[in-house]
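Here is what each chain is made of, one letter per residue.
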Amino acid sequence: MPASNTSIQLPILDISKSISPSSISSLSLACREWGFFHIINHGISKDLYIKLRLSSNQVFNLPYEDKIKAGPTSNVKTYTPHFIASPFFESLRVSGPDFHASAKNSAEVIMKQPDIEFSEVLKEYGDKMRNLSKKVTEILLMCLGKDFVTKFASEFSNCEGYLRINNYSLPEKRVMEKEVEGLGKHTDMSCLTIVYQDDVGGLQVRSKDGKWLDINPCEETLVVNIGDLLHAWSNGKLRSSEHRVVLKECKTRFSLAFFWCFEDNKVISAPNEVVGDEFRHYEPFMCGDYLKFRENSVRGKFEKVGFTVKDFAGI
Ligand SMILES: O=C(O)CCC(=O)C(=O)O
Ligand SMILES: [Fe+2]
């Protein structure tokens, strides 16, 4: 794995304010080049984050035998154990629209005495993320063209989100000769993803010429990245970049990735006005069919990219 120590400066968008024309242009550039940017004043308090982290850790700290009750072969399928995405990664999924019910469902399967706060905190976080995702979608439409919010916001009106709570850990006595992949390179199967990463760092984006660049954590700042669904809908104008997480020292790492997605039966086809005078790069496709394509191909699933929306619907 090539060593990496270069970080990139991404635009920081103050989501609490109305966006200025100069912010639109720097954001548009970042979305075309990197598909990544930062947001601040997002309304997720440190207190909410800490509560969510503490109650998630209660789940991750349980024995494997308990967690696997919600594993890939269970009815709920919300827990991804170690050794699927990587030996150092496990995650728990909580889905909208009813984040409370989804969290409660997993907690009841996994925990002997389900923690009521877990569902409440997840509801608060999920609902806030849904509102943030709607705001960010509108801003991205502004980046694509004048009046595009009025023209195209309705295409996104049935979007819904799910949260993946990611827990990274390295064996304690491991001698770290070099960094290891906590989560291998992949593109996200979303319209957009909003990530709360802790202060450990390790998130990296792959540049167009194949270099890995660090996206350094920054207090009070969330990372937003474009996923494959919006990449295809925008005819590639908003870039879904490959990214990964590397673990550099003997540390644990915790992140919250919220995926904002079209409904399964949505036909994704870039509107003519979005394509403009460029070539059309993607055939229309049904959102759910692409998700199935990724889930059913080991290569496309979590890592070992190769299979992305280009392979599925690229012209
Ligand atoms: O852990 C992170 O910072 C990012 C995780 C990620 O890329 C994902 O869950 O898709
Ligand atoms: Fe990702």
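What counts as what
Residues numbered from 1 in each chain as written. Chains lettered and ligands numbered in written order. Predicted model: local features only at pLDDT ≥ 70, side-chain atom pairs only at ≥ 80, totals over all residues. Heavy atoms only, no water. Pairing = 2+ DSSP bridges. Helix = DSSP H or I, 4+ residues; strand = E, 2+ residues; numbered from the N terminus. Axes fitted to C-alpha atoms, helices over the stretch in contact; angles between N-to-C directions. Near = heavy atom within 4 Å. Polar contact = N/O pair within 3.5 Å; in protein donor to acceptor, adjacent residues only side chain to side chain. Areas by Shrake-Rupley, 256 points an atom, 1.4 Å probe, with all protein chains shown as cover. Nonpolar A, V, L, I, M, F, W, Y, C, P; charged D, E, K, R; others polar. Donors = N, O, S within 2.8 Å, 3.2 Å for Na, K, Ca; no water. Buried < 20%, exposed > 50% of the residue type's maximum accessible area, 1.4 Å probe, protein only. Salt bridge = Lys/Arg side-chain N within 4 Å of Asp/Glu carboxyl O. 1 Å grid on protein atoms, 1.4 Å probe; cavity = no way out; pocket = protein on both sides within 12 Å on 5 of 7 lines; lining within 4 Å. Points joined across faces, edges and corners; volume = space filled by probe spheres on them. Arc of directions from axis to C-beta. Parallel < 35°, antiparallel > 145°, perpendicular 65-115°, else oblique. Contact = heavy atoms within 4.5 Å.

Peer 1: Run through the sheet that holds strand S9 (residues 212-214), naming residues and quoting values.
Peer 2: The antiparallel open sheet is built from four strands, whose spatial order is S6-S11-S8-S9. The open sheet has two edge strands with one neighbour each: strand S6 (180-186) and S9. Averaged over neighbouring strand pairs, the angle between their axes works out to 25° when direction is ignored. Relative to strand S11 (residues 243-247), S6 runs antiparallel, the two being bridged by four bridges. Bridge pairing in S11 links Glu181 to Val246.

Peer 1: I'd like to hear about the site of ligand 1, residue by residue, with values.
Peer 2: Around ligand 1 sit 14 residues in total, of which Arg164, Tyr168, His186, Arg253 and Ser255 are the nearest. A distance of 2.7 Å is found between an oxygen atom of ligand 1 and a side-chain nitrogen or oxygen belonging to Tyr168. When the free accessible area of ligand 1 is taken as 290 Å², the share hidden by the protein chains comes to 99%. Among the secondary structure elements, those contributing two or more residues to the shell around ligand 1 are strand S5 (160-169), S6, S11 and strand S12 (252-261). The residue inventory of the shell around ligand 1, partitioned by class, reads seven nonpolar, four polar and three charged.

Peer 1: Before we move on, could you go through the coordination of the iron ion (ligand 2) and cite the residues and values that matter?
Peer 2: Coordination sphere of the iron ion (ligand 2), protein contribution only: His186 (NE2), Asp188 (OD) and His243 (NE2), at 2.1 to 2.2 Å. In the primary sequence, the donor residues of the iron ion (ligand 2) line up as H-x1-D-x54-H. Across this residue pair, the class does not change: His186 and Asp188 are buried.

Peer 1: I'd like a description of the side chain of Gln204, backed by residues and values.
Peer 2: With respect to the element layout, Gln204 can be found in strand S8 (residues 203-206). Residue class for Gln204 comes out buried when judged on its relative accessible area of 0%. Engagement of the side chain of Gln204 in a polar contact is seen with the side chain of Asp214, the distance being 2.8 Å. Side chain to side chain, Gln204 and Arg244 meet in a polar contact 2.7 Å long.

Peer 1: Quick one: what's the story with the pattern of salt bridges, residue by residue and with numbers?
Peer 2: All told, the structure shown has 23 salt bridges when counted by the stated rule. Glu90 is the salt-bridge partner of Lys67, the closest N and O atoms lying 2.9 Å from each other. Residue Lys67 is found in helix H3 (residues 64-67), and its partner Glu90 is found in strand S4 (residues 89-95); the two are separated by 23 residues along the sequence. Side by side, Lys67 and Glu90 carry an identical accessibility label, which is buried. Several salt bridges share partner residues, and in doing so they unite Lys123, Asp127, Arg130 and Glu160 into one network.

Peer 1: Break down the layout of surface pockets for me, citing the residues and quoting the values.
Peer 2: Estimates place the volume of the largest pocket at around 850 Å³. As for the largest pocket, its lining consists of 27 residues, and the residues nearest its centre are Lys77, Arg93, Tyr162, Met189 and Glu295. Going through the elements one at a time, strand S3 (79-80), S4, S5 and helix H9 (287-296) are the ones with two or more residues in the lining of the largest pocket. Considered class by class, the residues forming the lining of the largest pocket number 10 nonpolar, seven polar and 10 charged.

Peer 1: Break down H9 for me, with residues and values.
Peer 2: Those residues of H9 not exposed but buried are Cys287, Gly288, Tyr290, Leu291 and Arg294. Buried positions in H9, seen along its axis, are confined to an arc of 160° and lie on one side of it.

Peer 1: Please set out the packing of helix H1 (residues 21-33) against helix H5 (residues 116-144) residue by residue, giving values where relevant.
Peer 2: Packed helices, taken two at a time, are described by their axes: the angle between them and the distance between them. Closest axis-to-axis distance for the H1/H5 pair is 9 Å, and the angle between their directions is 90°. With respect to H5, the axis of H1 lies roughly perpendicular. The segment H1 lies against H5, with Ile24, Leu27, Ser28, Cys31 and Arg32 engaging Ile139, Leu140, Met142 and Cys143. Of the residues that constitute the contact of H1 with H5, the class distribution is seven nonpolar, one polar and one charged.

Peer 1: Please set out empty space enclosed by the protein residue by residue, giving values where relevant.
Peer 2: Using the criterion set out here, one finds three cavities of 30 Å³ or more in the structure. Estimated volume of the largest cavity: approximately 130 Å³. As for the largest cavity, its lining consists of 16 residues, of which Asn166, Leu183, Val195, His243 and Ala257 are closest to the centre. If you list the elements that add at least two residues to the lining of the largest cavity, you get S5, S6, strand S7 (192-197), S11 and S12. The element best represented in the lining of the largest cavity is S12, accounting for four residues. Grouping the constituent residues of the lining of the largest cavity by class yields seven nonpolar, six polar and three charged.

Peer 1: Please set out the environment of Lys251 residue by residue, giving values where relevant.
Peer 2: Note on placement: Lys251 falls in the loop between S11 and S12. Judged by its relative accessible area of 38%, Lys251 falls in the partly exposed class. Here the alpha-carbon distance between Lys251 and Ser169, two residues 82 residues apart in the chain, equals 6.4 Å. Apart from residues lying up to four places away in sequence, Lys251 is in contact with Tyr168, Ser169, Leu170 and Val200.

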